[in-house]
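Residue-level structure breakdown
One-letter residues, chain by chain:
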Amino acid sequence: VAALADGRAIVVGGAVAGGVPVGSVEVFTPSPAGGAFALAVFSDPSLARIGATATTLLDGRVLVTGGVDGSGTPITAAALIDATATSVVATGSDAPRAEHGAVLLPDGRVFVAGGTTVVGDPTFATPAAAIFDPSLGQFVTLDSLMAARHRPGIAYAGGAVVVFGGAGPASGGFSGEETAERYDDVANHWVEIAG
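Reference entry: report on the structure contained in this document. None of these values were measured; they are calculated from a predicted model. Each chain has its residues counted from 1, following the order in which its sequence is written. With the structure being a predicted model, the display of local features is reserved for residues of pLDDT at least 70 and the display and counting of side-chain atom pairs for 80 or more, all residues being used for whole-chain, interface and lining totals. Hydrogens and water molecules were not included; the side-chain quantities draw on all heavy atoms of the structure.

This paragraph deals with the nonpolar core. Among the buried residues, those of types Ala, Val, Leu, Ile, Met, Phe, Trp, Tyr and Cys that are joined through side-chain atoms within 4.5 Å form a nonpolar core. Under the scheme applied here, a residue whose accessible area is under 20% of the maximum for its type counts as buried, over 50% as exposed, and between as partly exposed, the area being computed with a 1.4 Å probe on protein chains only. Counting 16 residues, the largest nonpolar core has Ile10, Val12, Val25, Phe42, Leu47, Val62 and Ile81 as the members making the most contacts within it. Where this core is concerned, the elements lending two or more residues are β2 (9-12), β5 (24-29), β6 (36-43), β8 (62-65) and β9 (77-81). Contact partners of Val12, with chain neighbours within four places excluded, come to Ser24, Val25, Leu47, Ala54, Val64 and Ile81. Among the nonpolar cores identified, the runner-up in size contains 13 residues, and Val103, Ala113, Ile154 and Trp190 belong to it. Going along the chain from the N terminus, every DSSP run of H or I of four or more residues is numbered as a helix, and every run of E of two or more is numbered as a strand. Residue contacts follow a heavy-atom distance rule, with two residues in contact if any of their heavy atoms lie within 4.5 Å.

In structure tokens:
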């Protein structure tokens, strides 16, 4: 789900009964009575992803990254939904990942970190990190996280990206990762946050 500047939200990807991924795009419009969902004017097979993220860019487009297809194969090609939710185009490739974290940076780029290559299984967690630059339509690979993290928390706080929690091989698979780390963009290096 990605929130739009006008108060609506775009819902993309996911799966229906039986784990079959869907490529439809829905637009949620809030109202005093609660709101309503409506299918957008298109459906695109490139958006049929399970475990992807959707992030609204500063220009109103929505970046969709990661996820897996119906056979469980990670999707590395990212996609951009235009600001009117009427079309989608492919853009850049990232590391194979699903159930990862993504956060919009103040300069308009998107920071992507962690995830897993097998949906629902943190023993396949990845420490991969990257930044998507919409002006180039490309991902730039960054230094790997200190800990592989499946379903991590991610935030931009205090002028830096902070990644925390999640689960991974180092935390015994399905138990939580109890560390947090901050990305030093000058040194392209992760620094553990004490406590």
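The structure having been displayed, the exposition proceeds.
Right, let's talk about the pairing of strand β10 (residues 88-93) for a bit. The rule for pairing is simple: two strands pair if DSSP sees at least two bridges between them. Here 5 bridges tie β9 to β10, and the two strands are oriented antiparallel to one another. The residue of β10 that forms the bridge with Ala79 is Ala90. Hairpin connection of β9 to β10: 6 residues between the antiparallel strands, including Ala85 at a positive phi of 55°.

Planes of paired rings set the category: under 30 degrees apart is stacked, over 60 is edge-to-face and the rest tilted, where pairs are Phe, Tyr or Trp rings (Trp by its six-membered ring) whose centres lie within 6.5 Å. Tallying each qualifying case throughout the model produces 5 aromatic pairs. Centroid distance Phe111 to Trp190: 5.8 Å. Interplanar angle 90°. Geometry classified as edge-to-face. Of the two residues, Phe111 sits in strand β12 (residues 110-113) while Trp190 sits in strand β18 (residues 189-193), which places them 79 residues apart along the sequence. The residues Phe111 and Trp190 share a single accessibility class, namely buried.

Turning next to the sheet that holds strand β7 (residues 53-56). Taken in spatial order, the 4 strands make up an open sheet running β7-β8-β9-β10, and their pairing is antiparallel. Of all the strands in the sheet, the pair left with one neighbour each is β7 and β10. Here the strands of the sheet are splayed against their neighbours by 25° on average, with no regard to which way each runs. Here 4 bridges tie β7 to β8, and the two strands are oriented antiparallel to one another. Bridge pairing in β8 links Thr56 to Val62. Think of each axis as a best-fit line through the C-alpha atoms, taken over the contacting stretch in the case of a helix, with angles from 0 to 180 degrees between the N-to-C directions.

Time to look at the sheet that holds β12. Read from one edge to the other, the open sheet built from 4 strands follows the order β11-β12-β13-β14, with strand pairing classed as antiparallel. Edge positions in the sheet fall to β11 (101-104) and β14 (138-141), since each has one partner strand and no second. Averaged over all neighbouring strand pairs, the angle between strand axes comes to 25°, with direction disregarded. One ladder, built from 4 bridges, connects strand β13 (residues 129-133) with β14; its direction is antiparallel. Paired with Phe132 across the two strands is Phe139, which belongs to β14.

A few words now on the pattern of salt bridges. Side chains bearing opposite charge may pair, as long as their charged atoms lie close to each other. Should a side-chain nitrogen of Lys or Arg be within 4 Å of a carboxyl oxygen of Asp or Glu, the pair is scored as a salt bridge. A complete count under the given rule lists 6 salt bridges for this structure. Put simply, Asp59 and Arg61 hold a salt bridge, and the shortest N to O gap is 2.8 Å. Using a relative accessible area of 46% as the deciding quantity, one classes Asp59 as partly exposed. In this structure, Arg151 engages Glu99 in a salt bridge whose closest nitrogen and oxygen atoms are separated by 2.7 Å. Residue Arg151 is found in the loop between β14 and β15 (153-157), and its partner Glu99 is found in the loop between β10 and β11; the two are separated by 52 residues along the sequence. The exposed category is assigned to Arg151, whose relative accessible area is 52%. Judged by relative accessible area, Glu99 falls into the buried class, the value being 11%.

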